[in-house]
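Each chain, letter by letter, is given below.
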Amino acid sequence: MDFDWTEEDVEYRTSVRAFLAENLPAGWHGYDKTNLPKYKADARAFCEALSARGWLTQNWPREYGGQDASPWRHAILSEELWPLGEPRGSQYMNVNWIGPAIMVAGTPEQKAYHLGRISAGDVFWCQGFSEPDAGSDLPSLRTRAVRDGDDYIVNGSKIWTSHVGTADFCFLLVRTDPEASKRAGISILLMPMDLPGIDVRHIDGFVGEQSFHHLVFTDVRVPAVYRLGEENRGWDIVRRALSFERVGAAHYDTATLILNEVVEEARRTGLLDDGEIQSKIGEAEAAIAASRLLTYRVVDLRAHGSPPTTDSNIARVAQTQALRLVGELAHVVFGEAGLESHSPGDIRRALAYSVAAGTTEMQLDQIASGHLNLPKFKG
Ligand SMILES: Cc1cc2nc3c(=O)[nH]c(=O)nc-3n(C[C@H](O)[C@H](O)[C@H](O)COP(=O)(O)OP(=O)(O)OC[C@H]3O[C@@H](n4cnc5c(N)ncnc54)[C@H](O)[C@@H]3O)c2cc1C
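Conventions we followed
- For every chain, the first residue of the written sequence is number 1, and numbering continues from 1 onward in sequence order.
- Where totals are concerned, whole chains, interfaces and linings use all residues; where local detail is concerned, this predicted model gives features only for residues with pLDDT of at least 70, and gives and counts side-chain atom pairs only at 80 or more.
- Each side-chain value is derived from all of the structure's non-hydrogen atoms; neither hydrogens nor water enter the calculation.
- Strands here mean DSSP runs of E at least two residues long; helices mean DSSP runs of H or I at least four residues long; both are numbered from the N terminus.
- Radius of gyration means the value over C-alpha atoms here, while the globule rule gives 2.2 Å times the residue count to the 0.38 power.
- Here the term buried applies to any residue with accessible area under 20% of the maximum for its type, exposed to any over 50%, and partly exposed to those in between, with areas from a 1.4 Å probe on protein chains only.
- Any two residues whose heavy atoms approach within 4.5 Å are treated as being in contact.
- Per-residue and other accessible areas follow the Shrake-Rupley method at a 1.4 Å probe size, with only the shown protein chains counted as cover for residues.
- Working convention for charge: Lys and Arg count positive, Asp and Glu count negative, and His plus the chain ends are omitted.
- Just so you know, the charge point we use is NZ for Lys, CZ for Arg, CG for Asp and CD for Glu.
- The nonpolar core is taken to be a set of buried Ala, Val, Leu, Ile, Met, Phe, Trp, Tyr and Cys residues, with the residues joined through side-chain atoms within 4.5 Å.
- To define axes, lines are fitted to C-alpha atoms, for helices over the stretch in contact only, and angles between the resulting N-to-C directions are given on a 0 to 180 degree scale.
- Should an angle lie under 35 degrees it is considered roughly parallel, over 145 roughly antiparallel, and from 65 to 115 roughly perpendicular; all remaining angles are considered oblique.
- Two helices crossing with the near one rotated counterclockwise from the far one by less than a right angle form a left-handed crossing, whereas a clockwise rotation gives a right-handed crossing.
- Only Asp, Glu, Lys and Arg are considered charged in this grouping, and only Ala, Val, Leu, Ile, Met, Phe, Trp, Tyr, Cys and Pro are considered nonpolar; every other residue, Gly among them, is considered polar.
- Any two of the Phe, Tyr and Trp rings considered here, Trp counted by its six-membered ring, make a pair once their centres fall within 6.5 Å; the pair's planes then place it as stacked at under 30 degrees, edge-to-face at over 60, or tilted in between.
- Two conditions define a charge sitting above a ring: the NZ of Lys or the CZ of Arg must be within 6 Å of the ring centre, and it must be within 35 degrees of the ring normal.
- Paired strands, as defined in this entry, are two strands with at least two bridges between them according to DSSP.

## With respect to the overall build of the protein
Scanning the protein from N- to C-terminus turns up 11 helices and eight strands. For a compact globule of 379 residues, the expected C-alpha radius of gyration is about 21 Å, and the protein comes in at 21 Å, within 12% of that figure. With respect to the principal axes defined by its C-alpha atoms, the protein has extents near 70 × 50 × 45 Å. Residues counted as buried form 53% of the 379 residues belonging to the protein. Intrachain contacts of the protein at a sequence separation of at least 6 include 73% that bridge at least 24 residues. For the protein, the exposed surface amounts to about 17500 Å²; the carbon and sulfur share of it is 53%. Here the protein carries 38 positive and 52 negative side-chain charges, and the mean point of each set is 5 Å from the other.

## Observations concerning the nonpolar core
Counting residues in each nonpolar core, the largest one holds 77 residues, and the members touching the most others are Trp125, Phe171 and Leu228. When sequence neighbours within four positions are dropped, the list of residues in contact with Leu228 reads Ala101, Ile102, Ala105, Gly106, Gln110, Phe171, Ile188, Leu190 and Ile237. Counting residues in each nonpolar core, the second largest holds 19 residues, with Leu189, Phe217, Val222 and Ala224 among its members.

## Focus: the packing of helix 7 (residues 251–269) against helix 8 (residues 275–303)
Running from N to C, helix 7 and helix 8 cross one another at 165 degrees; their axes reach a closest spacing of 10 Å. With respect to helix 8, the axis of helix 7 lies roughly antiparallel. Relative to helix 8, the crossing made by helix 7 is left-handed. In this structure, helix 7 contributes Tyr252, Asp253, Ala255, Thr256, Leu259 and Val263 to the contact, and helix 8 contributes Ile281, Ala284, Glu285, Ile288, Ser291, Arg292, Thr295 and Tyr296. Across the contact of helix 7 with helix 8, the residue classes break down as eight nonpolar, three polar and three charged.

## Notes on the packing of aromatic side chains
Taken as a whole and assessed by the stated rule, the structure comprises 15 aromatic pairs. Taking the centre distance of 6.5 Å and the plane angle of 70 degrees together, the rings of Trp82 and Tyr353 count as edge-to-face. One end of the pair, Trp82, is in the loop between helix 3 (71–81) and helix 4 (91–105); the other, Tyr353, is in the loop between helix 10 (347–352) and helix 11 (360–371), with 271 residues separating them in the sequence. What makes Tyr353 buried here is its relative accessible area of 15%. Within the aromatic cluster, the residues linked to one another by ring pairs are Trp5, Trp72, Tyr252 and Tyr296. Note that Arg53 overlies the ring of Trp55, its terminal NZ or CZ placed 5.1 Å from the centroid.

## Let's talk about the pairing of strand 5 (residues 186–192)
Where burial is concerned, most of strand 5 is hidden: seven out of the seven residues are buried. The two faces of strand 5 match: Ile186, Ile188, Leu190 and Pro192 on one face and Ser187, Leu189 and Met191 on the other face are all buried. With seven bridges connecting them, strand 4 (residues 169–175) and strand 5 associate as antiparallel partners. Residue Val174 lies in a different strand from strand 5, and its bridge partner there is Ser187. Judged from the two bridges that link them, strand 5 and strand 8 (residues 227–228) form a sheet pairing that is antiparallel. Residue pairing in the sheet places Ile188 in a bridge with Leu228 of strand 8.

Geometry only, nothing functional implied.
Okay, structure coming up:
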C-alpha cells in the first residue's frame, strides 16, 4: 500500500506554492486586523484569484460551483494556507462548513444566492453560536426568534464571535420554541449583518485586536425566508456543520512552523543542549505527526463519502494538543515576549484553539460516549 501523495497531488501543491508567490497580498502579516478594510479587501482579492483558478471550492459538486475534486486537494490547499496565517480570512469557514450546510438544507433560492457568492470568493461570514450562558452547553442557547408575519423578531446576544469586523452574513442559531426540549427548539437564520438592531460590541482580544465581538440583538427583523432548514430542526444541521469545522484547518502545519522557530531560537540561545527541552521538542514533534495522521483519516473518510464520525473529534483533540505543546514550548524558549504575535505562526492563537469550536473537555466527552460507548458522566 502506498501512503504517499500521488504525482498529481505533488504537482498541485507545487502550483499552489507558485500561486502564493504571485498572489499573497503585499506585506501580508497573517492575522493582523488593525486595518480591517485592507484586511478584508486583501482576503477578498485573494479568494477571487483562488476562485478564478477553480480552487476556492474545488471539492464542492459542480452544480454548486465546485470541480468535484477530492477532499485531499482541499486539504493540500489548507496545509499551504494555514501556516501563512490563512489569507482567505473567514472565507475558509464558507468553504468548509457554511456552504456544505446550505447545500444540505438550503432552499433553491438560498443555494443559488449564497453558494454562488461563496464560490466566487465574494462574501464573508461569521458564526453566531456561543452566548454568555451557552458555550460548551450550546443547546441551552437563549437568543430568541419570534415569528411575526413574514419575519422573525430576534432578541438576545452572542459572544466570542470571530470575524465580525469583516462579516456580511451571520450563521445565527436562535431559539424558536422555548417549550421544546433544548435541542428541539433551535433554528438557523442566515442573517445579513447590516440589519437594524444589531449592536456590535468590542471585546479585548487575547488573540489579537478585532478577534472577537459581542453581538447584541434588539428587535432585529429577519425575513423568515432567510431561515435555513425547517423551523426548530436546526440542531441536526449544526452538529454536522461543527464536525466539518473541527478539522477544517491544518493546525498541524501551523504547529510545525512554530516548532521550527522554537528549535532555531533554542539553538541560537544554547537551550537546545538542555535535555528537558530536547524531550519536549520530541514530544511536540510526535504530537504533530499523530495529529496529521488522525486528520488524514478524517479526510480519507470524507473522500469515501462517509458521514461525519467522532474521528473528527479525535483529530481535533490531537491537533489542539499538538498546538498546546508547541505553544507552551514557545513560551519557555521565547519567554513572555514569545506570546506576542511575532510571526504568522501566532503562538497565542495556538494556545486558544483548545477552546474554539468546542473545548477539549467537550471533545473528550463526545469521544467517550460516541466512540468508546462509555456511559454519560452524571456529575
Ligand atoms: C479562538 C476562539 C474563537 C472563537 N470563535 C467563536 C465564534 O466565531 N463563534 C462562536 O459562537 N463562538 C466562538 N468561540 C467561543 C467558543 O466556542 C467557546 O468559548 C467554547 O464553546 C467554550 O464555551 P465557554 O467559553 O462559554 O466556556 P464554558 O462552556 O463555560 O466552559 C468553561 C470550562 O468548563 C469546561 N466544561 C464545561 N462543560 C463541561 C462538561 N460537560 N464536561 C467537562 N468539562 C466541561 C469547559 O471544557 C471549559 O474548560 C471562540 C473561542 C475561541 C477561543
